[in-house]
Amino acid sequence: MSKSIPVEQTWLVLVDLLTDLKKNGADVPKKINENIRLIKTSINFYKSDPTHPDTIKELKRINDSINSIQNILMDLAENVGENYYQEWLEKLKKASLGKEVYKTHETKSRFIVGAPPGFQAARINLKEPLAEDRVQEIAEEYSLIIEFEKDSVIAIYGDSKNVKNGLKEIGSFFRD
């Protein structure tokens, strides 16, 4: 994996903001979790070959999606308070300028490219594929971001406690 790119830093800030807003009791639209997960997959696709015409087109779509999510989350941040809003605005400005807000780690696995501080990430190899809509319900219930790497491999990002609870919930599908 290549080093972090500005859009990836923005994604990391938005994931952290999303989690923090939920901790503050903000009513975050359910679609945001799913969309933010899809963006991570797109970023990984883009980073696989930034010079390929298909991946170059993907970058515009990534930026459009990021901007849309950023607008929604920043509106919610503004409702929390002016200082809170300004703090997140500063992080987003740094990210957009290509500055490293969060460290990213070089890893062998394709999906964990440096979860934000305080986040846990898990990778699960399922014996049989799980319905994506059910996994999405679990993601929303526990404020997790779940990325499908393959039909039988998923990546989970979130608060340590939420990741553990989400894993227990997913594990319950395989107990008879």
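Owing to the predicted nature of the structure, the values given are computational and were not obtained by experimental measurement. (Residues numbered from 1 in each chain as written. Predicted model: local features only at pLDDT ≥ 70, side-chain atom pairs only at ≥ 80, totals over all residues. Heavy atoms only, no water.)

Asks: Would you mind showing me how to read helix α5 (residues 132-141) here?
Replies: Three or four residues apart is the spacing at which side chains of an α-helix point the same way, because the helix has 3.6 residues per turn. Looking at α5, one finds that the buried residues are V135, Q136, I138 and A139. An end-on view of α5 places all buried positions within 160 degrees of arc, on one side of the element. Looking at α5, the residues exposed on the side facing more than 90 degrees away from the buried face are D133 and E141. Immediately beyond the C-terminal end of α5, within one or two residues, lies S143, with a positive phi of roughly 55 degrees. (Buried < 20%, exposed > 50% of the residue type's maximum accessible area, 1.4 Å probe, protein only. Helix = DSSP H or I, 4+ residues; strand = E, 2+ residues; numbered from the N terminus. Arc of directions from axis to C-beta.)

Asks: What should I look at first to understand the nonpolar core in this one?
Replies: General note: in soluble globular proteins, nonpolar side chains tend to be found buried as a group. Counting 32 residues, the largest nonpolar core has W11, L14, L17, L21, I36 and L73 as the members making the most contacts within it. Sorting the residues of this core by element identifies α1 (6-23), α2 (31-48), α3 (53-80), α4 (82-96) and β3 (153-159) as the ones contributing at least two each. Among the nonpolar cores identified, the runner-up in size contains 13 residues, and I124, L144, F148 and I170 belong to it. (Core = buried A, V, L, I, M, F, W, Y, C linked by side-chain atoms within 4.5 Å.)

Asks: Before we go on, may I ask you to explain the confidence of the model for the protein in this structure?
Replies: It should be kept in mind that the predicted coordinates are not to be read in detail where pLDDT is low. For the protein, per-residue confidence averages 79 on the pLDDT scale, and residues scoring 70 or more make up 79% of the total. Looking across the protein, the model is least confident in strand β1 (residues 119-125), with a mean pLDDT of 68, and most confident in α4, with 95. Contacts from residues 105-114, a stretch scored under 50 in pLDDT, to residues over four places away or in other chains number 31 contacts. (pLDDT = per-residue confidence, 0-100. Contact = heavy atoms within 4.5 Å.)

Asks: Teacher, can you tell me more about the pattern of salt bridges here?
Replies: Think of it this way: side chains of opposite charge can pair up when their charged atoms draw near. With the rule as written, the count across this model stands at six salt bridges. For E34, the salt bridge identified is with K31, shortest N-O distance 3.6 Å. In this pair, E34 and K31 both sit in helix α2, three residues apart, roughly one turn of the helix. For E90, the salt bridge goes to K93, with nearest N and O atoms at 3.6 Å. With E90 and K93 both in helix α4 and three residues apart, this pair spans about one turn of that helix. For E90, a relative accessible area of 40% corresponds to the partly exposed category. Look at K93 and you get partly exposed, because its relative accessible area is 42%. (Salt bridge = Lys/Arg side-chain N within 4 Å of Asp/Glu carboxyl O.)

Asks: I keep staring at the side chain of Q9 and nothing clicks. Help me out?
Replies: Looking at the element boundaries, Q9 is found in helix α1. Among the polar contacts listed, one links the side chain of Q9 to the backbone nitrogen of V101, at a separation of 2.7 Å. (Polar contact = N/O pair within 3.5 Å; in protein donor to acceptor, adjacent residues only side chain to side chain.)

Asks: For this particular structure, what's the right way to read the environment of K30?
Replies: Among the structural elements, K30 can be located in the loop between α1 and α2. Between the alpha carbons of K30 and Q136 there is a distance of 9.5 Å; along the sequence they are 106 residues apart.

Asks: Help me understand helix α6 (residues 160-171), please; the structure alone is not making it clear to me.
Replies: An ideal rise of 1.5 Å per residue puts 16 Å on 12 residues; α6 measures up with 16 Å between its terminal C-alpha atoms. Inspection of α6 places N162, V163, G166, I170 and G171 among the buried residues, and these make up the whole buried set. Burial along α6 is one-sided: seen end-on, the buried residues are contained in an arc of 170 degrees. Residues of α6 that are exposed and point more than 90 degrees away from the buried face comprise K161, K164 and K168. (Expected span 1.5 Å × (residues − 1).)

Asks: Even after reading the chapter, I still don't get the packing of aromatic side chains, so can you show me in this structure?
Replies: According to the stated counting rule, one finds one aromatic pair in the structure shown. Its guanidinium or amino end placed over the ring of W11, K40 lies 5.0 Å from that ring's centre, counting from NZ or CZ. The ring of W88 is capped by K91, whose NZ or CZ atom sits 4.1 Å from the centre of that ring. (Phe/Tyr/Trp six-rings, centres within 6.5 Å; stacked < 30°, edge-to-face > 60°. Lys NZ or Arg CZ within 6 Å of the ring centre and 35° of its normal.)

Asks: When you look at the packing of α1 against α2 in this model, what are you seeing that I'm missing?
Replies: How two helices pack is summed up by the angle between their axes together with the distance between the axes. Two numbers describe how α1 lies on α2: the axes approach to 11 Å, and their chain directions differ by 160 degrees. With respect to each other, α1 and α2 are oriented roughly antiparallel. Our pair here, α1 against α2, has a crossing hand that is left-handed. Contact residues: V7, E8, W11, L14, V15, L18 and K22 in α1; I32, N33, I36, I39, K40, I43 and K47 in α2. Partitioned by chemical class, the residues of the contact of α1 with α2 number nine nonpolar, one polar and four charged. (Axes fitted to C-alpha atoms, helices over the stretch in contact; angles between N-to-C directions. Parallel < 35°, antiparallel > 145°, perpendicular 65-115°, else oblique. Left-handed = near helix turned anticlockwise from the far one by under 90°. Nonpolar A, V, L, I, M, F, W, Y, C, P; charged D, E, K, R; others polar.)

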